[in-house]
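# Structural description and commentary
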Amino acid sequence: MKRFKILLIFFLISDLAIINAQDDFETKLLNQFHKITSEEMMVWIEKLCSPEFNGRLTGTPEFIASAEWVAIKLKEWGVKPAGDEGDYFQWFDQPYTVVNDIGNLSLKITQSDGSVIIKNYNYPVEYYPGMNSGNGEVTAEVIYAGYGVSAPELNYDDYKGIDVKGKIVLVNRDVPYADTRNPEYKKWVGYCYHQYKLENAVKHGAAGFLYIDGASANPNILYAPSIIVCGIGTQPLSDIFAGLNTSNTELTTRIKKTFKPASFNTGKVMTIRANTTRHPEGKGCNVIGIIEGVDPKLKNEVIIIGGHLDAVGRAGKVVNGALDNASGVVDIMGAAKAMAQSGIQLKRSVMFLFFGGEENGLIGSRFYTQKPVFPKEKTITFINLDMVGNGTGLSVNASNPYKQLLTYFEEANSKYIHRQFRGSAPEPMEYYGRPRSDSFNFSSIGYRTMSIGTPGGYKRVFYHLPGDDPDAITIDIMEDVAKMIYVALTNMANDTTLTFK
Ligand SMILES: [Zn+2]
């Protein structure tokens, strides 16, 4: 009997210990939860969008300064470095181009009496300076070259039958084959890249390149000193087609139907001027911080949360990249600070990964997957955040069969945040199109990959345009994203039942 009593007391005490430990965990969790504030996050957004960082174009000293600022913050909070040489950085080469002013685009119009007028277009709506353009000016006839594709094996060549030497080519984005979920698209995908299109124009001797890709900043384009590049909007495009009895829409529709090019000399003469300076010596980096797990076995497993730190820099006017993607960076920073300071020991390791070179063609994320800090097999998941700061709800996407990873986010929201939540775990859909986000570099080689979004955006989005400033952000949703990540990752890191076969 006495022995039974002792046992009973022992069980009671150990039960109490568990309850106390749970209380303690919850107290610590919530204590730090309430210290994640939109006020502090807004200060970080403003810092990232300040003139000091000049639009964070990867390769520039200003981008490196922004990377150093993030690293200083991580250090301040006790997040350890996990970069190449005991510091926070993983370096790679990243040549870049500085666009010194807005340049110019104009059309020569010959009137019925033979006199000539010059029509100048307006930046940034009617034209946008090419961000890796050669430096100089070209005046020449505009030659329409459809999609700018030469694919002999597909029996398709936009440059057949036209001579573009010394001329300006007018080229559409994408390829004639449109269904990116059809395996047939695989044959075309190599031809849809901006880099390829410019390279092909250079190969054919073009001196100017007008890109029908929406007039916006894009550093993900080939640099070739011999060609002057410019993105164009709808007005110059319709002026080029004026009097020609057809339009770009009509021609691209026909090309898509027949797979026959429709290239021709437009007879219109334009001038493109670009004022650029090339920097082949540029360096870019990822910033990597880690909270090491304490469990002797589980600490070798890692949960990675990441987003791109870089933006598109300055092409005439600065593009501060508040939504794209200071928002993702600051969400991660909010969670990182809370996790580092909560006093809760994590069993698994958690990595905070800030990419460079996303806007230059997903360079930093590819570099990480080629030189990972933890082996792929030990990575529980990679979670990507890109443009998460304009909205009213929360969404988390995880492909099957990783549905269970969603539950940490669902629970964090239903227990503490109470936003509208959409969790989706679609069957992995085959996609053969152009990779468009850092998560592609992880998912395409078999990492379990997730992404977080903020649906219900009601502010205007200035995608890759001047105006992507702190006031384009809804900071209250960002506070909740950071809180959700903080709670979900803390639980994921400590869940001993989470396993993958
Ligand atoms: Zn982005």
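You'll find the structure just up there.
Reading guide: rules and limits
Residues numbered from 1 in each chain as written. Predicted model: local features only at pLDDT ≥ 70, side-chain atom pairs only at ≥ 80, totals over all residues. Heavy atoms only, no water. Pairing = 2+ DSSP bridges. Helix = DSSP H or I, 4+ residues; strand = E, 2+ residues; numbered from the N terminus. Donors = N, O, S within 2.8 Å, 3.2 Å for Na, K, Ca; no water. Tetrahedral: all angles 85-135°; square planar, octahedral: opposite > 155°, others 65-115°. Buried < 20%, exposed > 50% of the residue type's maximum accessible area, 1.4 Å probe, protein only. Axes fitted to C-alpha atoms, helices over the stretch in contact; angles between N-to-C directions. Contact = heavy atoms within 4.5 Å. Parallel < 35°, antiparallel > 145°, perpendicular 65-115°, else oblique. Left-handed = near helix turned anticlockwise from the far one by under 90°.

### Brief notes about the pairing of strand β4 (residues 104-110)
Bridge count between β4 and strand β13 (residues 264-274): five bridges; the pairing is antiparallel. Each residue of the ladder has a partner; that of Lys108, found in β13, is Val269. Alignment of β4 against strand β5 (residues 116-120), held across five bridges, turns out to be antiparallel. Counterpart to Ile109 in the pairing with β5 is Ile117. Hairpin geometry of β4 and β5 is characterised by an intervening segment of five residues between the two adjacent antiparallel strands and by a positive phi of about 90 degrees at Gly114.

### As for the coordination of the zinc ion
Those protein atoms acting as donors to the zinc ion are His308 (NE2), Asp324 (OD), Asp386 (OD) and Asp386 (OD), and they sit at 1.9 to 2.8 Å. Between the four donor atoms coordinating the zinc ion, the angles at the centre fall across 49 to 146 degrees, so the site counts as irregular. Spacing between the donor residues of the zinc ion along the chain follows H-x15-D-x61-D. On the criterion of sequence distance, the pair formed by His308 in strand β16 (residues 302-308) and Asp324 in helix α7 (residues 322-341) is long-range, its members being 16 residues apart. A relative accessible area of 1% places His308 in the buried class.

### Looking at the sheet that holds β5
Adjacent strands of a sheet form backbone hydrogen bonds with each other and so pair up, either parallel or antiparallel. Taking strand neighbours across the sheet as the criterion, the eight strands line up as β5-β4-β13-β7-β10-β11-β12-β6 in an open arrangement whose pairing is mixed. Pairing within the sheet leaves two strands with one partner each, and these edge strands are β5 and β6 (127-129). In this sheet, neighbouring strand axes are inclined to one another by 30 degrees on average, regardless of whether the strands run parallel or antiparallel. Sheet analysis places strand β11 (residues 208-212) next to strand β12 (residues 228-232), joined by four bridges and oriented parallel. Its bridge partner lying in β12, Leu210 is registered against Cys230. Together, β10 (168-172), β11 and β12 form the strand contacts of helix α4 (residues 194-203), whose direction differs from that of β11 by roughly 145 degrees. Contacting β4, β5, β7 (136-144), β10, β11, β12 and β13, helix α5 (residues 234-241) runs over the sheet at an angle of about 145 degrees to β13.

### Quick notes on the packing of helix α3 (residues 61-77) against α7
Two numbers describe how α3 lies on α7: the axes approach to 9 Å, and their chain directions differ by 20 degrees. Here α3 is positioned roughly parallel relative to α7, judged by the angle of their axes. For the element pair α3 and α7, the recorded crossing hand is right-handed. Residue-level inspection shows Trp69, Lys73, Leu74, Glu76 and Trp77 of α3 in contact with α7, the latter providing Met333, Ala336, Lys337, Ala340 and Gln341.

Note that all results are geometric; they support no functional claim without further evidence.
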